[in-house]
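Analysis of the macromolecular model
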Amino acid sequence: MHILARRLAAVGVLAGAAAAAAAGEPAVPIRPFLDCAGSRAYHLHLLKSSGHDRTDELQKLEDQIQFYLQIAESLSQRTLRREFIEASESEKQNAEKVIKAGGSKAYLAYDADRQTQCASLVKRHQKEIMKAADKLYEGQAKR
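From a predicted model like this one, the values you see are computed outputs, not experimental measurements.

1. Notes on the overall build of the protein chain
- Per the secondary structure count, the protein chain includes five helices and zero strands.
- Helices (α) and strands (β) of the protein chain occur, in sequence order from the N terminus, as α-α-α-α-α.
- Counting the 143 residues in the protein chain, one finds 31% classified as buried.
- Accessible surface, the protein chain: about 9,800 Å² in total, of which carbon and sulfur atoms supply 57%.

Below is the structure:
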């Protein structure tokens, strides 16, 4: 009986720790938003390295990168520089595989699909994003 009580106590401690850890993480996963920022960052890199000089398009991409990064940071309530770099590298590798397998046309189709996925992600989590942004701005206003 004593062993059973210790096991139940251990399970309770583990469950409490898991709940506390989960409470520190946002309800909406932040990685997809970081991936969207990374995808836009790689597209920006490709355009800049090709000599693309339409500043309006480049600025639009920079704004999109910042938009997705701000969403992720609002949801997590912290800075995500390291995570953004990791997501950007992952997105770069995915895009390079697409380019290697199918060329630039395949990449453009892949990029268009990523843009659609990212827009859907924002739409799907719109309420949570707004709550997180409000919470972030409230915290900044108190400072």
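2. So, the side chain of Asp35
- Within the fold, Asp35 resides in helix α2 (residues 31-49).
- Using a relative accessible area of 17% as the deciding quantity, one classes Asp35 as buried.
- The contacts of Asp35, once residues within four sequence positions are left out, are Ala87, Glu91 and Arg114.

3. Overview of the side chain of Arg40
- Relative to the helices and strands, Arg40 resides in helix α2.
- Residue contacts for Arg40: discarding those within four places in its chain leaves Leu61, Gln64, Ile65, Tyr68, Asp111 and Gln115.

4. Considerations on the packing of helix α3 (residues 55-76) against helix α4 (residues 81-124)
- It is the contact of α3 with α4, at a shortest axis distance of 7 Å, that shows an interaxial angle of 140 degrees. The pairing of α3 with α4 is recorded here as oblique in orientation. The interaxial crossing formed by α3 with α4 has right-handed handedness. For the pair α3 and α4, the contacting residues are Ile65, Phe67, Tyr68, Leu69, Ile71 and Glu73 in the first and Arg81, Phe84, Cys118, Ala119 and Val122 in the second.
- Counted by class, the contact of α3 with α4 contains nine nonpolar, no polar and two charged residues.

5. Describing the nonpolar core
- Core analysis: the largest hydrophobic core is formed by 25 residues, its most contacted members being Phe33, Leu34, Tyr68, Leu75 and Phe84.
- Contributions of two or more residues to this core are made by α2, α3, α4 and α5 (126-142).
- The dominant element in this core, judged by the number of residues it contributes, is α3, at eight residues.
- Not counting residues within four places of it along the chain, the set of residues in contact with Phe33 comprises Val28, Tyr68, Ile71, Ala72, Leu75, Leu121, Val122, His125 and Ile129.

The rules we used
Residues numbered from 1 in each chain as written. Predicted model: local features only at pLDDT ≥ 70, side-chain atom pairs only at ≥ 80, totals over all residues. Heavy atoms only, no water. Helix = DSSP H or I, 4+ residues; strand = E, 2+ residues; numbered from the N terminus. Buried < 20%, exposed > 50% of the residue type's maximum accessible area, 1.4 Å probe, protein only. Areas by Shrake-Rupley, 256 points an atom, 1.4 Å probe, with all protein chains shown as cover. Contact = heavy atoms within 4.5 Å. Axes fitted to C-alpha atoms, helices over the stretch in contact; angles between N-to-C directions. Parallel < 35°, antiparallel > 145°, perpendicular 65-115°, else oblique. Left-handed = near helix turned anticlockwise from the far one by under 90°. Nonpolar A, V, L, I, M, F, W, Y, C, P; charged D, E, K, R; others polar. Core = buried A, V, L, I, M, F, W, Y, C linked by side-chain atoms within 4.5 Å.

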